[in-house]
Amino acid sequence: MIITICKYFFWFILYSVGGWILETLLFLIRDKKVVKRGFLFGPLCPIYGTGAVICTAIMYGRINNIFLVFLIGLLLCGTLEYLTHFIMEKLFHAMWWDYSSRRFNINGRVYLNGLLEFGAGSVLIIKVLQPLVVKLTDMIPENVLYIICFALYSIILVDVSATLSDLKVMLNTLKKLQNLIITETQKGFDATNVQIENINATIKESEIFKSISSSFISENRLYARVKKIAPDFKLEKYKKVLDIIRDQPQEDKARKDIKLYGTADSIPTPDENEK
């Protein structure tokens, strides 16, 4: 039983590292630059390892029909991706990838082309890669495999703890800023313009605001790392807070009934002058 668990864990690591290498190469080809992939600090994409291990446990040595391998792999990996997105969204109030702009997507979490790729990848794993991985694993003495798995497990445990700790700090900071803005805004409902300006000053001078305002979007180490890992990353729950920090113009809120002074559109035409 223990040796079986070690083997599956070892395979999980191999496929996670393989997934990280694959995604890094794909982004290198597309963007002509190295983009670190994976949720963790280390060179791992756990979702690849999890999908490969699940497919291996259910199908390897049991299902030989390629079409069935393709179909079952598509369903298993698609379900895994959907659930992973759903759980991480609920835990961190953030979206790590977004397929809502793709055709035939389900809630932006999975889409048709991705599912077809999962099916093809499952065939590749079950029919080509896993037999080689099994041979490699069988060449490692059991005692050595135990030591390797224990060392890898310890490293990953530290990596996961550090990553989750950083995310927790980032989200707690945003939550504090959100509460501060809400509290100060409540005070401004019946306030004069001078009082409102004082409220705005209170928010901007707060340590919370200073810690994540101008530097948060462009320089924050964790946020920058997450955006590199997941280009579609969005902090949905704190979107309004981030919008306030960035103070981005909202074109749809601009007045349309008058022309802005000093623009070309505001210069009267000869006809308008005559009037």
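How each quantity is defined
Residues numbered from 1 in each chain as written. Predicted model: local features only at pLDDT ≥ 70, side-chain atom pairs only at ≥ 80, totals over all residues. Heavy atoms only, no water. Phe/Tyr/Trp six-rings, centres within 6.5 Å; stacked < 30°, edge-to-face > 60°. Helix = DSSP H or I, 4+ residues; strand = E, 2+ residues; numbered from the N terminus. Buried < 20%, exposed > 50% of the residue type's maximum accessible area, 1.4 Å probe, protein only. Salt bridge = Lys/Arg side-chain N within 4 Å of Asp/Glu carboxyl O. Polar contact = N/O pair within 3.5 Å; in protein donor to acceptor, adjacent residues only side chain to side chain. Contact = heavy atoms within 4.5 Å. Patch = residues over 30% accessible without salt bridge, like charges linked within 9 Å, V, L, I, M, F, W, Y side chains within 5 Å. Areas by Shrake-Rupley, 256 points an atom, 1.4 Å probe, with all protein chains shown as cover. pLDDT = per-residue confidence, 0-100. Core = buried A, V, L, I, M, F, W, Y, C linked by side-chain atoms within 4.5 Å. Expected span 1.5 Å × (residues − 1). Bend = angle between axes of the 7 residues up to and from the residue. Axes fitted to C-alpha atoms, helices over the stretch in contact; angles between N-to-C directions. Parallel < 35°, antiparallel > 145°, perpendicular 65-115°, else oblique. Left-handed = near helix turned anticlockwise from the far one by under 90°. Nonpolar A, V, L, I, M, F, W, Y, C, P; charged D, E, K, R; others polar.

A.B. asks: Requested: an account of the packing of aromatic side chains, with residues and values cited.
C.D. replies: One pass over the full model with this rule turns up four aromatic pairs. Summarising the aromatic geometry, the rings of phenylalanine 9 and tyrosine 153 are spaced 6.3 Å apart at their centres and angled 65° between planes, so their arrangement reads as edge-to-face. Here the residue phenylalanine 9 occupies a position in helix 1 (residues 2-31), and tyrosine 153 occupies one in helix 5 (residues 142-187), the gap between them amounting to 144 residues. The partly exposed category is assigned to tyrosine 153, whose relative accessible area is 46%. Through pairs of rings, three or more aromatic residues link up here, namely Phe9, Phe12 and Tyr153.

A.B. asks: Describe the pattern of salt bridges, listing the residues and the values that go with them.
C.D. replies: In this structure the tally under the stated criterion is two salt bridges. The salt bridge partner of arginine 109 is glutamate 89, with a shortest N-O separation of 3.1 Å. Separated by 20 residues along the polypeptide, arginine 109 in the loop between strand 1 (105-106) and strand 2 (110-111) and glutamate 89 in helix 3 (residues 66-92) bring together distant segments of the chain.

A.B. asks: Kindly report on the side chain of threonine 137, identifying the contributing residues and their values.
C.D. replies: Considering the arrangement of structural elements, one finds threonine 137 in helix 4 (residues 112-138). One polar contact links threonine 137 to tryptophan 11, side chain to side chain, over a distance of 2.7 Å. With residues up to four places along the chain from it excluded, the contact list for threonine 137 reads Lys7, Phe10, Trp11 and Leu145.

A.B. asks: Can you explain a nonpolar patch on the surface? Please cite residues and give values.
C.D. replies: On the surface, Phe67, Leu68, Leu71 and Leu75 cluster together into a nonpolar patch covering about 390 Å² of accessible area. Mapped onto the elements of the fold, leucine 68 is located in helix 3. Judged by relative accessible area, which is 38%, leucine 68 ranks as partly exposed.

A.B. asks: Give me the lowdown on the confidence of the model for the chain, citing residues and values where you can.
C.D. replies: Should pLDDT be low for a region, the predicted coordinates there are not to be read in detail. Per-residue confidence for the chain gives a mean pLDDT of 75; residues scoring 70 or more make up 55%. Helix 4 holds the highest mean pLDDT among the elements of the chain, 95, whereas helix 8 (residues 214-218) holds the lowest, 46. A low-confidence stretch, residues 257-268 stays under pLDDT 50, and its non-local contacts, those more than four residues away or across chains, total seven contacts.

A.B. asks: Let's hear about the nonpolar core: which residues, and what values?
C.D. replies: Judged by nonpolar contacts, the single largest core of 24 residues is most densely connected at Phe10, Trp11, Tyr15, Met59, Val69, Ile126 and Leu145. Those elements giving two or more residues to this core turn out to be helix 1, helix 2 (46-59), helix 3, helix 4 and helix 5. If you tally residues by element for this core, the top one is helix 1, at seven residues. Beyond its immediate sequence surroundings of up to four residues, leucine 145 is in contact with Ile3, Cys6, Lys7, Phe10, Thr137 and Ile140. Judged by nonpolar contacts, the second largest core, of six residues, contains Ala94, Trp96, Trp97 and Tyr111.

A.B. asks: Give a description of helix 4 that names residues and reports values.
C.D. replies: Residues spaced three or four apart along an α-helix point in a common direction, a consequence of the helix completing one turn every 3.6 residues. Over its 27 residues, helix 4 runs 37 Å from end to end, which matches the ideal 39 Å to within 8%, given 1.5 Å per residue. Of all bends in helix 4, the biggest is about 50°, found at leucine 129, and the proline proline 131 comes one to four residues later. Those residues of helix 4 that fall on the buried side of the exposure criterion are Gly114, Leu115, Gly119, Ser122, Val123, Ile125, Ile126, Gln130, Val133, Val134 and Thr137.

A.B. asks: Break down helix 2 for me, citing the residues and quoting the values.
C.D. replies: For helix 2, spanning 14 residues, the distance from its first C-alpha to its last is 20 Å, which sits close to the expected 20 Å at 1.5 Å a residue. When we look at burial in helix 2, the residues that qualify are Gly49, Gly51, Ala52, Val53, Cys55, Thr56 and Met59. Note on helix 2: the residue one or two positions beyond its end, glycine 61, has a positive phi of about 80°.

A.B. asks: Break down the packing of helix 1 against helix 4 for me, citing the residues and quoting the values.
C.D. replies: It is at 11 Å that the axes of helix 1 and helix 4 come closest, and there the two elements cross at 120°. The angle between helix 1 and helix 4 places the two elements in the oblique class. The hand of the helix 1/helix 4 crossing is right-handed. Only Ile125, Leu129, Gln130, Val133, Val134, Leu136, Thr137 and Asp138 of helix 4 make contact with helix 1, whose side of the interface consists of Lys7, Phe10, Trp11, Leu14 and Tyr15. Among the residues making up the contact of helix 1 with helix 4, the classes are represented as nine nonpolar, two polar and two charged.

A.B. asks: Residues and numbers for the packing of helix 1 against helix 2, please.
C.D. replies: The description of two packed helices rests on the angle between their axes and on the distance between the axes. One can describe the packing of helix 1 onto helix 2 by two numbers: an axis separation of 7 Å at closest approach and a directional angle of 130°. Considering their axes alone, helix 1 and helix 2 lie oblique with respect to each other. Here helix 1 and helix 2 pass one another in a crossing that is right-handed. Counted together, Tyr8, Trp11, Phe12, Tyr15, Ser16, Gly19, Leu22 and Glu23 of helix 1 and Pro46, Tyr48, Gly49, Thr50, Ala52, Val53, Thr56 and Ala57 of helix 2 form the full contact between these two elements. Per-class residue counts for the contact of helix 1 with helix 2 are ten nonpolar, five polar and one charged.

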